[in-house]
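# Tertiary structure, described
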Amino acid sequence: MLHSMNAIDGVYFRREDYAGFWLRSLVDVIDVLVVGALFSALGTALWLPSITWILNLFLGICAIVVFCYFVVLKRSKIGTLGYLVCGVRIVGLDRRPATLRAVAFRTLFAVLNPLTGFDSIWIAGDPHRQALRDKLAQTYVVKKRAVLAGTGRVVFGYYEIWGYHFIFREVEVRESTPVLS
């Protein structure tokens with residue numbers, strides 16, 4: 001049984017319960033294909049000569065679709081099609097479902113970050129298999145049946161990556177202490 005958590009504690013999972021690089025890549029491919037299909041259908045439905053208000057309507061609807069799919073649906077119990085197919089979910093450092101703000105921030109970073117591509121590669125070497133967007137948003141992507149491994153203090157980790165400086169809140173893994181006789 002885990003001890004009760006206070007405001008400066010967070011959780012961590014067994015390494016095999018985090019979604020790894022290839023699983024998350026598959027999630028991303030599925031989700032991008034779904035949203036791309038929605039954009040194509042919408043573009044076809046609004047196909048008219050190049051009229052500014054139609055283009056603005058199209059872009060506005062696309063922004064709403066992206067927000068609803070990659071933020072609202074992703075953090076819901078249902079999840080996106082990629083999350084359903086791959087059997088993963090997104091949680092905060094406190095093990096609860098990630099907040100709407102965290103998932104929105106994470107999505108913005110995935111789209112607008114200066115380290116596009118490197119963000120996902122980071123997963124392979126990270127102990128909690130977090131992409132940089134997960135570290136920034138303080139989230140984990142874990143398998144649906146992930147087993148909690150323990151709790152630890154939330155600490156600040158400093159990273160310098162290609163001239164960019166980041167400070168992320170991370171959960172410190174507690175090492176088991178040997179029992180002295």
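Residues numbered from 1 in each chain as written. Predicted model: local features only at pLDDT ≥ 70, side-chain atom pairs only at ≥ 80, totals over all residues. Heavy atoms only, no water.

## Digging into the nonpolar core
In this structure, V27, Y69, Y83, V88, I90, V103 and V141 are the most contacted members of the largest nonpolar core, which totals 15 residues. Mapped by element, the contributors of at least two residues to this core are α1 (21-45), α2 (52-75), α3 (81-86) and β2 (88-92). Broken down by element, this core gets its largest block of residues, four residues, from α1. Beyond its immediate chain neighbours, meaning those up to four positions away, I90 contacts K74, R75, Y83, P97, A98, V103, R106, T139, Y140 and V141. Counting residues in each nonpolar core, the second largest holds 12 residues, with Y12, Y18, V91 and V142 among its members. (Core = buried A, V, L, I, M, F, W, Y, C linked by side-chain atoms within 4.5 Å. Buried < 20%, exposed > 50% of the residue type's maximum accessible area, 1.4 Å probe, protein only. Helix = DSSP H or I, 4+ residues; strand = E, 2+ residues; numbered from the N terminus. Contact = heavy atoms within 4.5 Å.)

## Focus on the confidence of the model for the chain
Averaged over all residues, the pLDDT of the chain is 85; the fraction at 70 or higher stands at 89%. Highest mean pLDDT in the chain belongs to α3 (96); lowest belongs to helix α5 (residues 118-121) (79). Segment residues 1-6: pLDDT under 50, and 11 contacts once partners within four positions in sequence are set aside and those in other chains are kept. The low-confidence segment residues 177-181, where pLDDT is below 50, has zero contacts with residues more than four positions distant or belonging to other chains. (pLDDT = per-residue confidence, 0-100.)

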